[in-house]
Amino acid sequence: MTPDDVLAAIRTHPSDPTDRVAVDATDRLLLDEAVPLLAGLGEGEVAVVDDRSGALTLSLALGYDVAGVRVVQDLASAEATLAFNAAELDAATSYTSHQLTPDAFAGVKLVLWQLPRSVAATREVAEAVASSAHPDVTVLAGGRVKHMTRAMNEVLAESFDDVHATLGRQKSRALVARGPHGERTSPTYPVRAHVEVPGPGTSRQLEVAGHGAVFNGTDLDHGTRLLLSTVILGDAVDVVDLGCGSGIVGTTVALAAPEARVVATDDSDAAVRSAGATARANGVRARVRLLRDDAAASLPDGSADLVLLNPPFHAGASVDTGIAKRLIEQSARILRPGGTLWCVWNSHLEYKGTLERVVGSTRQAARDKKFTVTVSRRR
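Residues numbered from 1 in each chain as written. Predicted model: local features only at pLDDT ≥ 70, side-chain atom pairs only at ≥ 80, totals over all residues. Heavy atoms only, no water.

### Notes on the overall build of the protein chain
Link 1 in the chain: Along the backbone of the protein chain there are eleven helices and 18 strands.
Link 2 in the chain: Taken over C-alpha atoms, the radius of gyration comes to 21 Å for the protein chain, in line with the 21 Å a tight globule of 379 residues would show.
Link 3 in the chain: Structurally, the protein chain occupies a C-alpha span of about 65 × 45 × 35 Å along its principal axes.
Link 4 in the chain: Relative to its 379 residues, the protein chain shows a buried fraction of 55%.
Link 5 in the chain: Long-range pairs, those at least 24 residues apart, make up 71% of the contacts in the protein chain between residues at least 6 apart in sequence. (Helix = DSSP H or I, 4+ residues; strand = E, 2+ residues; numbered from the N terminus. Rg over C-alpha atoms; globule rule 2.2 N^0.38 Å. Buried < 20%, exposed > 50% of the residue type's maximum accessible area, 1.4 Å probe, protein only. Contact = heavy atoms within 4.5 Å.)

So this is what it looks like as structure tokens:
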């Protein structure tokens, strides 16, 4: 197949609730910038970071005959989309998946990377690459120009000697980094902070851990604060912290209800690892099960008494309520009849009608200038 044939065949996953495109101008720019660097590279010497659909990975493997592409993806949904497209193209064995650790980049000479918007996420990837990649590694880190900031150059310069930008094309640009500084004495992430958390029952101080890509780092966001100050656990035993982030909710529930069995689940590997570190730091890791999963899809029907949800309303940089609606649908699926969903959402989004239709009777439990907390009982 030619690279163009591969890109034409790439699709979004059938279960993707957003309006994201499968292939964008940044994918095409990164591949074009990579072509002159591929000559002479051996098996396992090319890595791809945060390929959203498989456009980069499968183009390299099938269009340019790159063997043993190493792939690091934070999102389980992105892994599933890559696997879906690889199966469609009969290329399931053309790459290997890795967690974000320095080992993933050992000896790598070329990295193609769809940049995150988060500076912290950028830093953690850059440190991992620089600590173990080949001394002659080239990093091609691309993004949409409107989402790129000077801070990204500065963060890359913390780990690489030479950082410069390519010319923009179709509103995308790539940063090129070379000259890794080498292994650090201690990585920056996870960072840790002590956070005062309200209820349920009583306020408590948690030690919170956060990897670079986790939402809101180690901070307690306003919506989660309102949710925790309002929620009533009752006699719930099986509790799901859906979209667990840094694990503040799941750890708080485990501390407040020692008899509870808590599942902390998130699409993001950074979130799941952060939640595990937070639970461990607060002495409840044994009672918090970690699950990296796209919208809790692998949890059985009717397996939860209570679900706690602070859904995202963005897909990348765009406002998109599709993800939240899917999480609400999955909450209804995993709840037992009579189980409850406690949900916090930006008040202007008006999810109450969706909650009543999908889950069951819904009442407002709290509201302030920005957020609304509702409790829905599964019919």
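Resuming the write-up.
### Observations regarding the sheet that holds strand β11 (residues 261-266)
Link 1 in the chain: With mixed pairing, seven strands are arranged side by side in an open sheet as β12-β11-β10-β13-β16-β18-β17. Every other strand in the sheet has two partners, leaving β12 (288-292) and β17 (362-367) as the edge strands with one partner each. On average, each strand axis in the sheet is inclined to that of its neighbour by 20 degrees, with strand direction left out of account.
Link 2 in the chain: As paired elements, strand β10 (residues 238-242) and strand β13 (residues 304-309) share four bridges and run parallel to each other. Bridging from a neighbouring strand, Asp241 pairs with Leu308 of β13. (Pairing = 2+ DSSP bridges. Axes fitted to C-alpha atoms, helices over the stretch in contact; angles between N-to-C directions.)

### So, the sheet that holds strand β6 (residues 160-165)
Link 1 in the chain: Read across the sheet, seven strands follow the order β3-β2-β1-β4-β5-β7-β6 without closing on themselves; strand pairing throughout is mixed. Every interior strand has two partners, whereas the edge strands, β3 (95-98) and β6, have only one. Strand-to-strand twist in this sheet, taken as the mean axis angle between neighbours without regard to direction, amounts to 20 degrees.
Link 2 in the chain: Alignment of strand β1 (residues 46-49) against strand β4 (residues 110-114), held across four bridges, turns out to be parallel. Opposite Ala47, over in β4, you have Val111 as the bridge partner.
Link 3 in the chain: Set on the sheet, helix α5 (residues 119-132) makes contact with β1, β4, β5 (138-144), β6 and β7 (172-180); between it and β4 the angle comes to about 170 degrees.

### Things to note about the nonpolar core
Link 1 in the chain: Formed by 33 residues in total, the largest nonpolar core has its most connected members in Leu308 and Trp342.
Link 2 in the chain: A total of four residues in this core trace back to one element, the largest contributor, which is helix α8 (residues 248-256).
Link 3 in the chain: Judged by nonpolar contacts, the second largest core, of 31 residues, contains Ile10, Leu38, Val48 and Leu112. (Core = buried A, V, L, I, M, F, W, Y, C linked by side-chain atoms within 4.5 Å.)

### Observations regarding the pairing of β4
Within a regular beta strand, the side chains point alternately toward one face of the sheet and then the other, so they alternate between its two faces.
Link 1 in the chain: Where burial is concerned, most of β4 is hidden: five out of the five residues are buried.
Link 2 in the chain: Neither face of β4 is exposed, since Leu110, Leu112 and Gln114 on one face and Val111 and Trp113 on the opposite face are all buried.
Link 3 in the chain: Two strands pair when backbone bridges link them, and β4 and β5 are joined in this way by five bridges, in the parallel orientation. Looking at the pairing, Val111 lines up with Val139 of β5.
Link 4 in the chain: Regarding the hand of the β-α-β motif, the stretch spanning β4, α5 and β5 is right-handed. (Right-handed = clockwise from strand over helix to strand, strands pointing away.)

### Here's the deal with the pairing of strand β9 (residues 204-210)
Link 1 in the chain: Counting buried positions along β9 gives five out of seven residues, so the element sits mostly inside the fold.
Link 2 in the chain: Sheet topology note: the strand β8 (residues 191-197)/β9 ladder contains seven bridges and is antiparallel. Opposite His194, over in β9, you have Glu207 as the bridge partner.
Link 3 in the chain: Counted between consecutive antiparallel strands, the loop separating β8 from β9 contains six residues, among which Gly199 sits at a positive phi close to 30 degrees.

### Side note on the pattern of salt bridges
Link 1 in the chain: The tally for this structure, following the rule as stated, stands at 14 salt bridges.
Link 2 in the chain: In this structure, Arg20 and Asp16 form a salt bridge, with 3.3 Å as the shortest nitrogen-oxygen distance.
Link 3 in the chain: Arg20 sits in the partly exposed class, given a relative accessible area of 36%.
Link 4 in the chain: Between Asp238 and Arg261 there is a salt bridge; the shortest N-O distance is 2.8 Å. Of this pair, Asp238 sits in strand β10 while Arg261 sits in strand β11, and the two are 23 residues apart along the sequence.
Link 5 in the chain: Taking relative accessible area as the criterion, Asp238 reaches 15% and is therefore assigned buried.
Link 6 in the chain: Each member of the salt-bridge network shares a partner with another, and the members are Asp238, Arg261, Asp305 and Arg336. (Salt bridge = Lys/Arg side-chain N within 4 Å of Asp/Glu carboxyl O.)

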